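A closer look at the structure
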Amino acid sequence: MNTYRKPYLFLITFISAMGGLLFGYDWVVIGGAKIFYEPFFGIEGSAALRGWAMSSALTGCLAGALLAGAWSDRYGRKKMLVMASVLFTVSAYGTGVAGHFTGFVIFRILGGFGIGIASNISPIYIAEVSPAPVRGRFVSLNQLTIVLGILAAQLVNRQIGDYYMPDKDVISPESVEWAWRWMFWAGLIPAGLFFILSFIIPESPRWLAVNGKGSAARKVFARIGGEEYAEKELAAIENLPLTQEKNDWKAILKPNVRKVLLIGIVLAVFQQWCGINVIFNYAHEIFSAAGYAVSDVLMNIVVTGITNVIFTFVAIFTVDRWGRKALMYAGSAGLAAIYLIMGACYGLQVSGWPMLLLVVLAIACYAMSLAPVVWVVLSEIFPVKIRGAAMAVSTFFLWTACFILTYTFPLLNEGLGASGTFWVYGGICVAGFLFIRRRLPETKGKSLEEIEKELIK
């Protein structure tokens, strides 16, 4: 089926993927703002408060990811995207105007709640509106917007930082008062646009169909691919194994669903424990250990951000050609090999451009494989009736794994050194490769209904 209406499909998927853009921006912007808001709130001397400021959004992520799935199965995908846009807008404004640390944290948690919703619902929505031959490409757009959001936050932070600190060695009272506020307020532009545009997109036709709104679903399917396509998709949905199941959490505990849920959880955890995110979260420590001065670290961070964007495009143009498993194989095996070499280089005290090259290769490998493809697979493998709830469980484990990874890196780095730490991540990548080989089904070119029938037996 190649007669789908590309402009309309691109429009609604891009709007829903704006949740990913704000996810990436909100997640990273705080890193550049911390040198300004910490002295403003007087928390430089408290490691606990500094850590709470950085990680408070994660509590919102966990809650948002866990609740949004069940809510989206009950109330619809579109309403959850609208809610996420509201939370991002309120958080961007409120964080910037906060006069006390408690208010700052509350608005960060609200932003985290929005991240949890967006990371869960945006890929689901895109998968449910996209025809099978191009579904991987369009779901990967969500990952592209995430990395664009990350890069935007890095560039905004640098521009505002340069404006308020022409002398980079001096943090002026004016910069302490205003620089961090403008970094958060800059997020109001995409957040407000997301809020306005989220009313344009239709409800997911698959959600409409399984919730007794076949006429509305037919109209959306027809607008995407014509009347013949709409008839075919609706007929396939009516014959699904779980179409008549009650829409609740108990359904995801059935034996035929648990095996699929296990695949989702393991892939979600593996995407984090493969170790690449420590390069973004602890870039200063990693590049410093490789012999780079502080002034060079900022430029290297921008280089890694650009690499992330470029190789996400590689995934977009290959995921529906090469398949999900091929890219996951390449990502897990490639990262294992790169980490092995990185660990050896750290052990041999290699410094300078070879280490930067290895970091760039690792990010390129991740950006074209595990980063987007895990989201594609998670949006495809779960039954439509409980897709939101099952995705919520997987996303909850993803954010939990993210927290554990971030928390344990300094401990591993101190106990095992940089060499041992990256060898541990390499071992995890080998384990991930073996799991993918044994348990991951290939979903390329199959409709969501075909995938459901194959997996739910």
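Heads up: the structure comes first, above all this text.
Everything numeric here is computed off the predicted structure, so don't read it as measured data. (Residues numbered from 1 in each chain as written. Predicted model: local features only at pLDDT ≥ 70, side-chain atom pairs only at ≥ 80, totals over all residues. Heavy atoms only, no water.)

**Let's talk about the overall build of the chain**
- Scanning the chain from terminus to terminus reveals 19 helices and zero strands.
- In terms of overall size, the chain behaves like a compact globule, its C-alpha atoms giving a radius of gyration of 22 Å where 457 residues would be expected to give roughly 23 Å.
- Principal-axis analysis of the C-alpha atoms gives the chain an extent of 65 × 45 × 40 Å.
- Classification of the 457 residues of the chain by burial places 57% in the buried group.
- Of the contacts made within the chain by residues no fewer than 6 positions apart, 83% connect residues no fewer than 24 positions apart.
- Accessible surface, the chain: about 18,200 Å² in total, of which carbon and sulfur atoms supply 67%. (Helix = DSSP H or I, 4+ residues; strand = E, 2+ residues; numbered from the N terminus. Rg over C-alpha atoms; globule rule 2.2 N^0.38 Å. Buried < 20%, exposed > 50% of the residue type's maximum accessible area, 1.4 Å probe, protein only. Contact = heavy atoms within 4.5 Å. Areas by Shrake-Rupley, 256 points an atom, 1.4 Å probe, with all protein chains shown as cover.)

**Points about the packing of helix H3 (residues 77-97) against helix H6 (residues 173-185)**
- Between H3 and H6, whose axes approach to 8 Å, the crossing angle comes to 175 degrees. If you check the angle between H3 and H6, you find them roughly antiparallel. From H3, Ala92, Tyr93, Thr95, Gly96 and Val97 reach across to H6, where they touch Trp180, Arg181, Phe184 and Trp185.
- Taken together, the residues of the contact of H3 with H6 break down into six nonpolar, two polar and one charged. (Axes fitted to C-alpha atoms, helices over the stretch in contact; angles between N-to-C directions. Parallel < 35°, antiparallel > 145°, perpendicular 65-115°, else oblique. Nonpolar A, V, L, I, M, F, W, Y, C, P; charged D, E, K, R; others polar.)

**Here we look at the side chain of Arg108**
- On the secondary structure map, Arg108 appears in helix H4 (residues 101-129).
- In terms of polar contacts, Arg108 uses its side chain to reach the side chain of Asp26, at 3.4 Å.
- Sequence-distant contacts of Arg108, that is, excluding residues within four places in its chain, are made with Asp26, Ile30, Ser56, Ala57, Ser91, Thr95 and Phe184. (Polar contact = N/O pair within 3.5 Å; in protein donor to acceptor, adjacent residues only side chain to side chain.)

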